[in-house]
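# Overview (structure and organization)
Next come the chains, spelled out residue by residue.
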Amino acid sequence: MATKTKTTEAPVLPLNQILAGDCIETMRSLPECSVDLIFADPPYNLQLRGDLHRPDNSRVDAVDDHWDQFSSFSVYDQFTREWLAAARRLLKPNGAIWVIGSYHNIFRVGAALQDQGFWILNDVVWRKSNPMPNFKGKRLTNAHETLIWASKQEASKYTFNYEALKALNEGVQMRSDWVIPICTGHERLKDEQGDKAHPTQKPEALLHRVMVATTNPGDVVLDPFFGTGTTGAVAKMLGRDFIGIEREESYRRIAAERLSRVRRYDASALEVSGSKRAEPRVPFGQLVERGMLRPGEELYSMNNRHKAKVRADGTLIGNDVKGSIHQVGAALEGAPSCNGWTYWCYKREGKMIPIDILRQQIRAEMEDPRPN
């Protein structure tokens, strides 16, 4: 008689929950390759020596919590290696990670990221528009923190919503220096005594930019140092699923209360400008095959200085230069490259019309294949 083999059920991903416990042990218990993005705000290991006071002798509420204290750099480095290894295991093959830190720790974290096999994509300077001054006057005002954005591996096809970020920046390519104020006023969470609930609470604007840039609705975002839940709050608003890990009970309680008040934006409001690279590829030759442009028809440069003739195989010839719409445009302009779709126009009833209009017509048909 055959014996039945007991199957082991795969662990369920605890979406939209705050998990209590050590981040390393907890991450090790979650399913492998199950997370799209990790945002990590690890302890900075600030190495404070005594209290910090303002010129009027009032005490600064600095980061002196036990979770930020490590006995040596080697102990901190070992902690960093372990949580990064656990995080990398959780990322999907095309997943990515953001880590934020200060000069105290970010260089050590960056080296550990590379040692673990992550591929650094950018470092971003978060320039605080309202930083805390240097009260002792012995150093420069520390007005920024650094974020490292890295894919799981060099070959990862990570998410980057380039056009959405460009739209956020009034049509200009987003740079790697972000001017965003620190938490103040209504956004700063307070405890029962009226003190800051968390000493390093991050502004929602920072997480909004990170998630719009590098995730899509429905993605899973994990924060192994959840704190008071900024990552979860922004993820919930933007239609992403989150997993938070936090060992401090007081932070978990405040984060849970905060998340209970958050409402997800309307689905139509969650749509962002798509990347042009993600749009269906349309070869220029399709325009010729479909009769939208005819062999022998002349195209004109946008600046009206050059013209070229369409050939039956979807190439152009102009001034004895033969090749693609991009190659001929570049050769005529004496430029290293040229986007032929925006360079060339055709004429109809005396009007110059960009050939890209025809490409967009084909793309619209590909997205809506219903017959007329």
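This structure is a prediction, so every number in the text was calculated from the model and none was measured.

## Focus: the nonpolar core
Of all hydrophobic cores here, the largest spans 34 residues; its most connected members are Trp98, Leu147, Trp178 and Leu206. Those elements giving two or more residues to this core turn out to be β2 (35-40), β3 (91-101), β4 (119-127), β5 (144-151), α4 (162-168), α5 (204-214), α6 (230-237) and α7 (249-260). It is α5 that contributes the most residues to this core, six residues altogether. Discounting chain neighbours no more than four positions away, the residues touching Trp98 are Leu37, Ile38, Phe39, Ala40, Val124, Leu147, Ile148, Trp149, Trp178, Val210 and Thr214. With 30 residues, the next largest nonpolar core counts Ala40, Val109, Ala112 and Ile245 among its residues.

## Side note on the packing of aromatic side chains
Two numbers describe a pair of aromatic rings. These are the distance of the centres and the angle of the planes. Counted under the stated rule, the structure contains 11 aromatic pairs. Between Trp83 and Phe225 the ring centres are 5.2 Å apart and the planes differ by 85°, which places this aromatic pair in the edge-to-face class. Pair noted here: Trp83 is in helix α2 (residues 73-90) and Phe225 is in the loop between β7 (220-223) and α6, with a separation of 142 residues, a long-range link. Here the two residues Trp83 and Phe225 agree in accessibility, since each one is buried. Between Phe284 and Trp341 the ring centres are 6.1 Å apart and the planes differ by 65°, which places this aromatic pair in the edge-to-face class. Residue Phe284 is found in helix α8 (residues 284-289), and its partner Trp341 is found in helix α10 (residues 340-343); the two are separated by 57 residues along the sequence. When its relative accessible area of 5% is taken as the criterion, Trp341 is described as buried. Chaining the aromatic ring pairs together yields one cluster made of Trp98, Trp149, Tyr158, Phe160, Tyr162 and Trp178. Its guanidinium or amino end placed over the ring of Phe118, Arg88 lies 5.7 Å from that ring's centre, counting from NZ or CZ.

## A look at the confidence of the model for the protein
Detailed reading of predicted coordinates is not advised where the pLDDT is low. Overall, the predicted model of the protein reaches an average pLDDT of 87, with 88% of residues at or above 70. Here residues 48-64 is a poorly scored stretch, pLDDT under 50, and it has 25 contacts once near neighbours within four places are set aside; other chains count.

## Some details on the pairing of strand β8 (residues 241-246)
Summarising burial for β8: five of the six residues are buried, a large majority. Sheet topology places strand β1 (residues 17-20) next to β8; four bridges connect them, and they run parallel. Opposite Gln17, over in β8, you have Ile243 as the bridge partner. One ladder, built from four bridges, connects β7 with β8; its direction is parallel. Pairing of Asp223 across the sheet is with Gly244, part of β8. In the classification by handedness, the crossover that spans β7, the intervening α6 and the parallel β8 is right-handed.

## As for unusual backbone geometry
The residue Asn16 is not glycine, and still its phi comes out positive at about 55°. By relative accessible area, Asn16 is classed as partly exposed at 38%. With phi around 55°, Cys33 is a residue other than glycine that occupies positive phi space. Following the sequence through the fold, Cys33 ends up in the loop between α1 (23-28) and β2. Given a relative accessible area of 32%, Cys33 falls into the partly exposed group.

## With respect to helix α9 (residues 325-333)
For α9, the full list of buried residues reads Ile325, Val328, Gly329, Ala330 and Leu332. Taken together, the buried residues of α9 touch α8, β10 (307-310), β11 (316-318), β12 (321-323), α10 and β13 (344-348). Phi turns positive, to about 65°, at Gly334, one or two residues after α9.

## Let's talk about the sheet that holds strand β6 (residues 177-179)
The sheet built from eight strands is open, its strands ordered β1-β8-β7-β2-β3-β5-β4-β6 with mixed pairing. Strands with a single pairing partner mark the edges of an open sheet, and in this sheet they are β1 and β6. Recorded for the sheet is a direction-independent mean angle of 20° between the axes of neighbouring strands. Each of β2, β3 and β7 touches α2; the most contacted strand, β3, lies at about 145° to it. The strands touched by helix α3 (residues 106-116) within the sheet are β3, β4 and β5, with β3 carrying the most contacts at an inclination of about 165°.

## Observations concerning the sheet that holds β11
Taken in spatial order, the six strands line up as β12-β11-β10-β9-β13-β14 in an open sheet, and their pairing is antiparallel. With partners counted over all chains shown, the strands left at the sheet margins are β12 and β14 (351-354), one partner each. Geometrically, the sheet is characterised by an average inter-axis angle of 35° between neighbouring strands, direction not taken into account. As defined by bridge partners, β11 adjoins β12 across three bridges and the pair is classed as antiparallel. In the strand pairing of β12, Ile317 is matched with Lys322. Contacting β10, β11, β12 and β13, α9 runs over the sheet at an angle of about 155° to β12.

What counts as what
- Residues numbered from 1 in each chain as written.
- Predicted model: local features only at pLDDT ≥ 70, side-chain atom pairs only at ≥ 80, totals over all residues.
- Heavy atoms only, no water.
- Core = buried A, V, L, I, M, F, W, Y, C linked by side-chain atoms within 4.5 Å.
- Buried < 20%, exposed > 50% of the residue type's maximum accessible area, 1.4 Å probe, protein only.
- Helix = DSSP H or I, 4+ residues; strand = E, 2+ residues; numbered from the N terminus.
- Contact = heavy atoms within 4.5 Å.
- Phe/Tyr/Trp six-rings, centres within 6.5 Å; stacked < 30°, edge-to-face > 60°.
- Lys NZ or Arg CZ within 6 Å of the ring centre and 35° of its normal.
- pLDDT = per-residue confidence, 0-100.
- Pairing = 2+ DSSP bridges.
- Right-handed = clockwise from strand over helix to strand, strands pointing away.
- Axes fitted to C-alpha atoms, helices over the stretch in contact; angles between N-to-C directions.

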